[in-house]
Amino acid sequence: MRNTFLLLLCFALRAQDFDLLIRGGRVVDGTGNPSFLADVGLKDGRVAGLGRLAEKTAKRVIDAKGLVVSPGFIDIHNHSDATLLADGNAQSMVRQGVTTMIFGEGESAAPSREYPRFTDYFARLKQRGISTNVGSYVGSSSIWVQTHGPKAGPPSADNLTKMRAAVRQAMADGALGVSSSLSGPPGAWIDTNSLVAMCEEASKFGGIYSTHMRTEGQGVFESVREAIDIGRRANLPVDVIHIKIADHKLWGQMPELIGLIANARAQGQEVEAHVYPYRAGQNNLASILPPWAHEGGQAKLMENIQNASLRERLRSEVLNGIPGTNWYNHYTATGSWEGMLLASLSNPEYKKYQGRRMNEVIRDIGGDPVDVLFKVLTDNGGSVPTVFFHHSEDDMRFAMKQPFVSIGSDGTAIATEGLLAAQHPHPRYYGTFPRVLGRYVRDEKVITLEEAIRKMTSANASKLRLYDRGLLRVGFPADVTVFDPKTIIDNATYDKPHQYATGVAFVIVNGTLVLDRGTHTGARPGAIVTR
């Protein structure tokens, strides 16, 4: 009798139409079209049904009445290369509704000493297990330093050949394109022609060029022109990373900046951008020092800081910039020491300053502000991750409204407890996507819900040529986010960043529940995404 019951139970489970059925939700399918009420059925890791599925059965049914059902969010600009290896659960991202993260800016996990090829890095991720899907660009700075060294100056013909070969290998191994971070060393040392050469190799594989431009302050218009020129010469699409005008003296000129991109698009070139919903960015306190001070690597930087004969030159260039150059000076762009919040300090004696403004640190330590800057950097190994308040809310909103501007976090997957809670991060690590949906969609109506979801899903998938992601379509991988449009919001602040967003109820990655009623399941069904 007992065996008969078990056989009937097994038969019943096998006979279910779906593994998971999401009933009665408001489907926002990622296209930007109006939402509609529908059921969504998932089976064998893919979307297997969409529409009225009242007669269908499933191993589990989720009642989504009053909730939005959308494709999982694709974070096109993410820095979790290392933290995902420390904790594959990607808590701060999953709780935002993110199902895919794209790594790589100036630097990338590969090629590197630890991971000579992307196949090595991807294998390590899969061995560890990851809760989200992952893809990566190959970082132009990584390639530059490996082939040319930590220095400025045009590369030799032999080094340029090596750069091209490194990009080809990375693209063959699954990289999605070439990325750059040109506002500070080592990216600032890379000349335009070398970037074109690297991008030409990526173009052969259908890749894109993703760029943190040379400057987002004085010279920002020239920087956009350079990005457009690189894309045109190398014949590949361009995505401008976190487009902004990060100099208080230029605030209000975003319409003109957007006009440059719109004009290139009108001439048939594929140029897009993305934005994060905050008026502060994150870089390093050392970025205030001019590029020449960084040549030779970290040890040389420390030597230059402590060299008395260089102090006056450094002081002048920190406070005034370098006339006639396009170097992006975070101090002059921000306009004050108060516009800098120290995110993480390695020296235990400085932990009390974590989360404090630089003007407070200067006041507490005492002395000339630039001398205090040198002291803080010297005592912390030359590196202090810092949040800079340097661009305007109105400019950010204007950019967000543009149809060719999508959403990316520029954040990292961390957690509110344990090792990954040790630093004082930018709130975007926890809140980017819910902040867009709560503040800028529901509360302020800057963009519509359908447009916001498109910018978080299919717009990013299309840029990356991931044509089977970013939409709720039968046959597509089952990456799904279910959230409450009435309550979704970010909670992380600059003062108290370690707070998860709220309002995301379910997150499904490749058909497996990773977030179940707001609780992480511990599942790690993430895959490596390639073109």
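Residues numbered from 1 in each chain as written. Predicted model: local features only at pLDDT ≥ 70, side-chain atom pairs only at ≥ 80, totals over all residues. Heavy atoms only, no water.

Draft legend 1. Structural context of the overall build of the protein. Within the protein one finds 18 helices and 21 strands. Relative to the globule expectation of 24 Å for 531 residues, the C-alpha radius of gyration of the protein, 24 Å, shows essentially globular dimensions. For the protein, the C-alpha atoms occupy an extent of roughly 90 × 50 × 45 Å along the three principal directions. When burial is assessed residue by residue, the protein has 61% of its 531 residues classed as buried. Counting only contacts in the protein whose residues sit at least 6 apart along the sequence, the fraction spanning at least 24 positions is 75%. (Helix = DSSP H or I, 4+ residues; strand = E, 2+ residues; numbered from the N terminus. Rg over C-alpha atoms; globule rule 2.2 N^0.38 Å. Buried < 20%, exposed > 50% of the residue type's maximum accessible area, 1.4 Å probe, protein only. Contact = heavy atoms within 4.5 Å.)

Draft legend 2. Highlighting the pairing of strand β10 (residues 177-181). In terms of burial, β10 is a largely internal element, 5 of the 5 residues being buried. Summarising the sheet, strand β9 (residues 138-139) and β10 pair through 2 bridges and their orientation is parallel. The residue of β10 that forms the bridge with Gly139 is Ser179. For β10 and strand β11 (residues 208-212), the ladder comprises 5 bridges, and the chain directions are parallel. (Pairing = 2+ DSSP bridges.)

Draft legend 3. Quick peek at the sheet that holds strand β6 (residues 73-75). Pairing is parallel across the open sheet formed by 3 strands, whose spatial order is β6-β7-β8. Two strands bound the open sheet, and with one partner strand each, they are β6 and β8 (133-136). Averaged over all pairs of adjacent strands, the angle between their axes in this sheet comes to 20°, without regard to strand direction. (Axes fitted to C-alpha atoms, helices over the stretch in contact; angles between N-to-C directions.)

Draft legend 4. Structural context of helix α5 (residues 140-148). Most of α5 is tucked away, with 7 of its 9 residues classed as buried. Among all positions in α5, only Ser140, Ser141, Ser142, Ile143, Trp144, Thr147 and His148 are buried. Elements in contact with the buried residues of α5: β9, α6 (157-172), β10 and α7 (192-203).

Draft legend 5. Summary view of α6. In this model, α6 (16 residues) spans 23 Å end to end at C-alpha, consistent with the 22 Å of a helix rising 1.5 Å per residue. Of all the positions in α6, only Asn159, Met163, Val167, Ala170 and Met171 are classed as buried. All buried residues of α6 fall inside an arc of 115° around its axis, so they share one side. When the buried face of α6 is taken as reference, the exposed residues oriented beyond 90 degrees from it are Ala157 and Ala172. At its buried positions, α6 is contacted by α4 (118-128), β9, α5, β10 and α7. Taken from the residues just after α6, Gly174 is the one with a positive phi, measuring 115°. (Expected span 1.5 Å × (residues − 1). Arc of directions from axis to C-beta.)

Draft legend 6. Broad picture of the side chain of Asn347. In this structure, Asn347 sits in the loop between β15 (340-342) and α13 (358-365). Relative accessible area serves as the criterion here: at 16%, Asn347 is assigned to the buried category. Among the polar contacts made by the side chain of Asn347, one reaches the main-chain carbonyl oxygen of Asp379 at a distance of 2.9 Å. With sequence-adjacent residues up to four places away left out, Asn347 is seen in contact with Asp379 and Asn380. (Polar contact = N/O pair within 3.5 Å; in protein donor to acceptor, adjacent residues only side chain to side chain.)

Draft legend 7. Representation of the nonpolar core. Formed by 88 residues in total, the largest nonpolar core has its most connected members in Leu125, Tyr209, Leu257, Met400, Leu437 and Phe483. In terms of residue count, the dominant contributor to this core is helix α8 (residues 220-234) (7 residues). Here Leu437 is in contact with Phe73, Arg442, Leu449, Ala452, Ile453, Met456, Phe483 and Ile488, once residues within four sequence places are set aside. Core analysis: the second largest hydrophobic core is formed by 29 residues, Ala286, Leu310, Leu314 and Leu373 among them. (Core = buried A, V, L, I, M, F, W, Y, C linked by side-chain atoms within 4.5 Å.)

Draft legend 8. Quick look at unusual backbone geometry. Omega for the bond connecting Ala110 with Pro111 falls within 30 degrees of zero, at -5°, which places this linkage in the cis form. Position of Pro111 relative to the elements: it lies in the loop between β7 (98-103) and α4. Note that the residue after Pro185, namely Pro186, is joined by a cis bond; omega there is 0°. Tracing the sequence through the fold places Pro186 in the loop between β10 and α7. Look at Asn235: it is not a glycine, yet its phi comes out positive at around 60°.

Draft legend 9. Examining the environment of Ala48 more closely. Relative to the elements of secondary structure, Ala48 occurs in strand β3 (residues 46-51). Once the C-alpha coordinates of Ala48 and Asp17 are considered, the two residues, 31 residues apart in sequence, prove to be 9.0 Å apart. Filtering out sequence-adjacent residues up to four positions away, Ala48 remains in contact with Phe18, Gly41, Leu42, Lys43 and Val474.

Draft legend 10. Representation of the packing of helix α15 (residues 393-401) against helix α16 (residues 428-443) in the model. At their nearest, the axes of α15 and α16 sit 13 Å apart, and the two run at 95° to each other. Taken together, the axes of α15 and α16 lie roughly perpendicular to each other. Every residue of α16 that contacts α15 at Glu393, Met396, Arg397 and Met400 is listed here: Val436, Arg439 and Tyr440. Among the residues making up the contact of α15 with α16, the classes are represented as 4 nonpolar, no polar and 3 charged. (Parallel < 35°, antiparallel > 145°, perpendicular 65-115°, else oblique. Nonpolar A, V, L, I, M, F, W, Y, C, P; charged D, E, K, R; others polar.)

Functional significance is not addressed by these values, which are geometric in nature.
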